Amino acid sequence: MLKAVILIGGPQKGTRFRPLSLDTPKPLFPLAGRPLIAHHIEACVQLPELKEILIIGYYPQTQMEAFVGDMQALYSSSNINIRYLQEFTSLGTAGGMYHFRDQIRAGNPRAFFVLNGDVCADFPLQELYDFHTRRSSSALVTIMSTEATRQQSLHYGCLVFDRASGAVSHYVEKPSSYVSTFINCGVYVCSMDIFTQLAQIFHAHGLEYGCAGFSNGNGNGNGRDQGHIKWEQEVLTPLAGTNQLFAMPVPNWWSQLKTAGSAIYANRHYLGLYKRTHPERLANVGSKRGEGDGNLICTVLPDVYVHPSATVHHSAVLGPNVAIGPGVTIGPGVRIKESIVLEQAQIHDHTLILHSIVGRGSTIGAWARVEGTPSDPDPNKPFAKMENPPLFNNEGKLNPSITILGCFVQVPAEKILLNSIVLPHKELSRSFKNEIIL
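For clarity, every value in this text was computed on a predicted model and none was experimentally measured.

K.L.:
Please set out the sheet that holds strand β22 (residues 346-347) residue by residue, giving values where relevant.
P.N.:
Read from one edge of the open sheet, five strands run β16-β19-β22-β25-β28, paired in parallel fashion. The open sheet has two free edges, formed respectively by β16 (311-312) and β28 (410-411), since each of these has just one partner strand. The pairing of β16 with strand β19 (residues 329-330) spans two bridges and is classified as parallel. Paired with T311 across the bridge in β19 is T329.

Quick look at the structure:
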C-alpha cells in the first residue's frame, strides 16, 4: 500500500498570488478548469497501489471541506480515501508531516509520496516510485529533479548527484552562489523510516528551546513551535552524502505557481496535457460558420477548456490557452486569448481579453480591451523556468505583467485596462495603464 501527502501551507503564504488568493485559497485556484491540487490528486489516483491522500495545511477546515468532499465523490469508485488535516499552527514544510505521523503510518504503507501544493507538472509518480524501490534499502527520500538555467537555479533547492546511482552528495536550498543546474521539484517518495529523522529533529528542538529557557516546548522566542521543521534545510541537507538521499532527473514539464502571472503559463501546459490524458475536456477545435454549426461552441483555437455551464455566443473566438469557468457569459464578437475567466464572470459584446485573469463575478463592458504582458520563460534559453519578478522595479514602477481583475470588478464599456491589477469589488470609471487599483 502507498499513500500521498500534499502540503498546501496556509493563508499567510501565497501573498504574491494576490489578489487572486483573497477570495479563493491558492491551492484551490482553477487551472484548466480544475483546482490546482486536483491535478495532484488526479496524478496520485493513477497509482494502483495508492489507497489514501492526505492534504496537510493551515487553512481553516471550512475552506477545504467542500473541495475534499467533491474529490472524494469524484474518485469514490477508485476506493481511495481523501482527507484534509489542519495544522493547529504553521509547522513548516515538514512539521505537519511529523505532527500527523500516526495518520500517515496507519495501515502500514510501504512508502508515501510528498507533493508541494504550489508545483504544477506532468507528475511521473509511478516512475519515481519505481526508481526509489530500485535504490539501496538505506534510501529514505528520492527527489524528483529537473534542470534550470545557471542563474535561475539560485532560486530553488540545488542538488549535486551521481548520474549513475542517483545518490545526492550535496543539497543547498536557494544557495547564494552557483551549485548545480539540477533543482528540487518539490515532489518526493519517502520511506517510512524518514519519521526517525523527523523525531530526532523534533527532540533536538526541544533540547535547544529548553536550554534557551523555554522548557515548556511551546516556542523558541520567535513564536515558532517546537514542531516547526523545515524539510529542505533540516532534513534534505543533512541527508545529502549519506547514501540515503537520491534524485531522479525528469524531462517532464514542471513549474511553480508563485505569482498570478505563472497561472497563465501553468494553464497552457495543463490544457496541453489534456490532449494526451483527457481530450474530452477540451473544446472542439475549428471555425464556426454559423449558429447551426453544432459541432463547435464557437471558433476555437487549441487548446481551450469551457465549463459545460458557461454560455458562449457562437460568434466569439477563443484560444489559444483559454479556460472558461462555470456560469460565465461570453457575448457576441468577444475575442479571448491566453487568459483565464473565472466563474460567473460576464464578458459583453466585442470585448478583447489578452494575457489576463478575469476574477469571479466580474463584468467587462462592450468594446472594452483588457490586456497584459506575457511572462513566459525565455524560449531561447534551454531549461528556462518562469521568472517571478517583484511587483515593482528598482525605480518604484510596476513591472509589466498580466492584467488581473479581482472578484466582482466592473469594467465599463469602451475602456482599456493595460498591465494593471485591480483589487476586488472595484467599479472602474476610466481606462488604466500600468497601475494597481486599490
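K.L.:
So what's going on with the sheet that holds strand β32 (residues 436-437)? Residues and values would help.
P.N.:
Here seven strands make up an open sheet; going across it, the order is β15-β18-β21-β24-β27-β30-β32 and the pairing parallel. Edge positions in the sheet fall to β15 (304-306) and β32, since each of these pairs with one other strand and no more. Both strand β24 (residues 356-358) and strand β27 (residues 403-405) contribute to a ladder of three bridges, which runs parallel. Across the sheet, the residue bridging to I357 is I404, located in β27. Most of the contacts of helix α8 (residues 261-277) go to strand β21 (residues 339-341), to which it runs at about 90°, and overall it touches β15, β18 (322-324), β21 and β24.

K.L.:
Residue-level account of the pattern of salt bridges, with values.
P.N.:
Taken as a whole, this structure holds twelve salt bridges when the rule is applied. Between R360 and D23 there is a salt bridge, with its nearest N and O atoms 3.0 Å apart. Of this pair, R360 sits in the loop between β24 and β25 (363-364) while D23 is found in the loop between β1 (2-9) and β2 (30-31), placing the two residues 337 residues apart along the sequence. By relative accessible area, which is 26% here, R360 ends up partly exposed. Bridged by salt links that share partners, the residues K3, E52 and R83 form one connected network.

About the cut-offs
Residues numbered from 1 in each chain as written. Predicted model: local features only at pLDDT ≥ 70, side-chain atom pairs only at ≥ 80, totals over all residues. Heavy atoms only, no water. Pairing = 2+ DSSP bridges. Helix = DSSP H or I, 4+ residues; strand = E, 2+ residues; numbered from the N terminus. Contact = heavy atoms within 4.5 Å. Axes fitted to C-alpha atoms, helices over the stretch in contact; angles between N-to-C directions. Salt bridge = Lys/Arg side-chain N within 4 Å of Asp/Glu carboxyl O. Buried < 20%, exposed > 50% of the residue type's maximum accessible area, 1.4 Å probe, protein only.

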